[in-house]
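Survey of secondary and tertiary structure
Chain residues, written in single-letter form:
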Amino acid sequence: MADKKDKRDEFRDIDISDSGHAYENRQEIYYNDNVGGRAVFVDSKEQYEPDEPYNDEVFIPEKDRGKTPILQVKNLGIDFGGLTAVDNFNLTLGRTEIGGLIGPNGAGKTTIFNMLTKVYEPTRGEIFFDGKSTKGMNTVDINKAGMARTFQNIRLFDNLTVEENIKVALHHTTNYGLIDGMLHTPKYRHEEFRIRKEAMKYLKIFGMTKTADYKAGSLPYGAQRRLEIMRALATKPKLLLLDEPAAGMNPSETTELMDTIREIRDRFQIAVFLIEHDMSLVMGICEGIVVLNYGRVIAKGWPEEIQSNPKVIEAYLGKSRGKMKEEEEKEKADIEKAFRKGRLESAASGKPDRKESE
Amino acid sequence: MAERLLKNISTRGLKKTAKKGMQYRKEAMISYAILFIGYAVLQIGAMTGIVGRNLQGQFVPICVYVSLAISLNLVVGISGELSLGHAGFMAVGAFTGIIVMRVLEQYITIVPVRLIIALLVAAFVASIAGFIIGIPILSLRGDYLAIVTLAFGEIVRNFMNVLHFALDDKGHLKFAFNHTIEGITNEQRIITGAIGATGVTKTATFTYAMLLTAFTLFIVLNLKNSKQGRAIMAIRDNRIAGESIGLDVKKYKLIAFVVSAALAGMAGCMFGQNYSTLAPVKFNFNTSVLILVFVVLGGIGNIWGGMIAAALLTILPEAFRQFADYRMLTYAIVLILVMICTYNPAIKARIQNIWKKINPLKRKKDEGKKDKKKKSGKEAE
């Protein structure tokens, strides 16, 4: 622990006031712990107090209040070895809400998705899906319970056709057994025709019926993204998790995607929770937004609030120089104060706790 | 809710698309055509005397190897796992079939009925073997799975080496493990340890074997184009995505493995009925590799390719028996050449160019396809 503190002091000693470069400013944030950058080397379990209680309905759109939230996450956290990737993540998502999860690269957004779908087992915390705890469930159970997801790096069944990709997702609603499948009984024929029709309907939502017979791997990038969303939708979820749905899309495709996501929500009456870097999409369709940095929630709220939140701006762009000077002066004043009071040791060994001083 | 939305979408355009996208139908047609033509050619050849005696003796093994190649393709090609113990399932089927045939001899005199019962029992026992071996190993992947299946094949063979079966005077089946059964005449023995099965009445004919191959092909092709087959292929393509849409990975891998084992057991049963004596040593590691070679040479996942490879690699060594000394040498060279030609992109492209020049019909088709793809790409964008 002592070493770590030394290291922290080292970084605090680096003078970066001259450089106005945003990247270097971000380094400073990383080792300053005012925006949650303490995840790496400070054991912060005791220090942390959740910003909002997990069941706070304030962050659900009005239309969803009073109903059981589709997703409630309470103090979720995961450690990889000694590294805390995500800590104290709280979330409440309404039944038909479109929620957004944003944050700089490496903030732990996909890790949260992986925990929700039980690709990773969370180290701490609880997840309530549709009012029930998901403890002990695996990825397959989670999907059967009604949570479907897409992936950041597209994961399609490349050697199957577009139509088959949807049909695979429909396999839980396809009612025939192995013997029917091997012998192609009338039951098989009936069911296959039914799910082919259904698959075509899904393809029609995204206007992809004409590519039904192409191998999924041979589709253009945007079409592959849409196919992945369709496939997730075909499992008939109550909650759709989209991991960067607009990545690699051009602006017009993104606008189209926004409309589609909204349409899916309105017509299927499901909740959507998405990770996205494209701010036009996030600000355009999300009703509630959570901002993550270094595995911690740094802000929560409506799009307008998030846009003007200084912590968020800091996380994305780094601190402004004026503010940094201000803070430094404050720090100096704190130290001087402490010095005067004869508490030099405590101030020099650790960083003064700003919350107390403020 | 979802149903209500889907109801509003018309499926008027469906018939068009449904007709077009029958790649499986194409594959099935090619496979059945190969089977039928092969049967017709060999049968006519045998009747007119063009096909020699030696080769006629290979008819049943050809069919058996073809159906083994088809069933192994289910594991290697469709499920994407390497299995090196296919001969083990074949051995289980062969010896089960021999015992069942011998026991039923006194009750059922009609050979085809007896054979069908033997095939079903062989399939059942082999599938149980597949299930028992499948449960622990399917949590393994890739090389590890291959190693365990290899060991399984060897275990089965060594197990057969110490098995003794016989029918006593009263017609009861007697069983002994690791020691000979006493008070039994040589004729009454069914399986005698390492010597294997003796005194088997040959019941397999070319037609029966061909029917079995057709059945195997029917099952595998149907399975491939069903809910289960799609799930198996989806897991092969992307395990994580498969789990995310709720596919039970172990269950579907096990289905592929067990069905493949059952079909191999049936093929083995037919194989056992083709020889008057059959030693367990026949089902050694080399046989497993031989079946795998059929699959790899025909193209992993390509069912009719595997069929052709199996037939050729069984016929050719027999046809060139006079060059037996050089057989393994040329075999190796041919294999290496084929591997190079199919995996080297430069050579592959050159072969394809030549093929296009020879085959103007195919060239036109390809161009048509490209145009269509371009169009659809534009529409998708």
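Our structure's up above, just so we're on the same page.
Residues numbered from 1 in each chain as written. Chains lettered and ligands numbered in written order. Predicted model: local features only at pLDDT ≥ 70, side-chain atom pairs only at ≥ 80, totals over all residues.

Time to look at the sheet that holds strand S4 (residues 124–129) of chain A. Residues and elements named next belong to chain A. Reading across from one edge, S2-S1-S4-S5 is the order of the 4 strands in this open sheet, with antiparallel pairing throughout. Pairing within the sheet leaves two strands with one partner each, and these edge strands are strand S2 (83–93) and strand S5 (132–133). As defined by bridge partners, S4 adjoins S5 across 2 bridges and the pair is classed as antiparallel. Opposite Phe129, over in S5, you have Lys132 as the bridge partner. Helix H3 (residues 109–116) rests against strand S1 (71–80), S2 and S4 of the sheet, and its axis sits at about 70 degrees to S2. (Pairing = 2+ DSSP bridges. Helix = DSSP H or I, 4+ residues; strand = E, 2+ residues; numbered from the N terminus. Contact = placed C-beta atoms within 7 Å. Axes fitted to C-alpha atoms, helices over the stretch in contact; angles between N-to-C directions.)

Next up on the list: the pairing of strand S7 (residues 239–243) of chain A. All names here are of chain A. In terms of burial, S7 is largely enclosed, as 5 of its 5 residues are buried. Neither face of S7 is left uncovered, since the one carrying Leu239, Leu241 and Asp243 and the one carrying Leu240 and Leu242 both have all their residues buried. Both strand S6 (residues 147–149) and S7 contribute to a ladder of 3 bridges, which runs parallel. What sits directly across from Ala148, in S7, is Leu240. Summarising the sheet, S7 and strand S8 (residues 271–275) pair through 5 bridges and their orientation is parallel. (Buried ≥ 20, exposed ≤ 12 C-beta atoms within 10 Å, placed from the backbone.)

Let's shift gears to the environment of Glu198 of chain A. Take Glu198 of chain A: it is sitting in helix H7 (residues 186–205). Judged by the 21 C-beta atoms lying within 10 Å of it, Glu198 of chain A is buried.

Below, the discussion takes up the packing of helix H6 (residues 86–104) of chain B against helix H12 (residues 249–272) of chain B. Residue and element names in this part refer to chain B. Across the interface, H6 lies against H12 with an axial gap of 6 Å and an inter-helix angle of 55 degrees. What the angle tells us is that H6 and H12 run oblique. For H6 against H12, the interelement crossing comes out right-handed. Contacts between H6 and H12 involve His86, Phe89, Met90, Ala91, Val92, Gly93, Ala94, Phe95, Thr96, Gly97 and Ile98 from the former and Ala261, Ala264, Gly265, Met266, Ala267, Gly268, Cys269, Phe271 and Gly272 from the latter. Considering only residue class, the contact of H6 with H12 consists of 13 nonpolar, 7 polar and no charged. (Parallel < 35°, antiparallel > 145°, perpendicular 65-115°, else oblique. Left-handed = near helix turned anticlockwise from the far one by under 90°. Nonpolar A, V, L, I, M, F, W, Y, C, P; charged D, E, K, R; others polar.)

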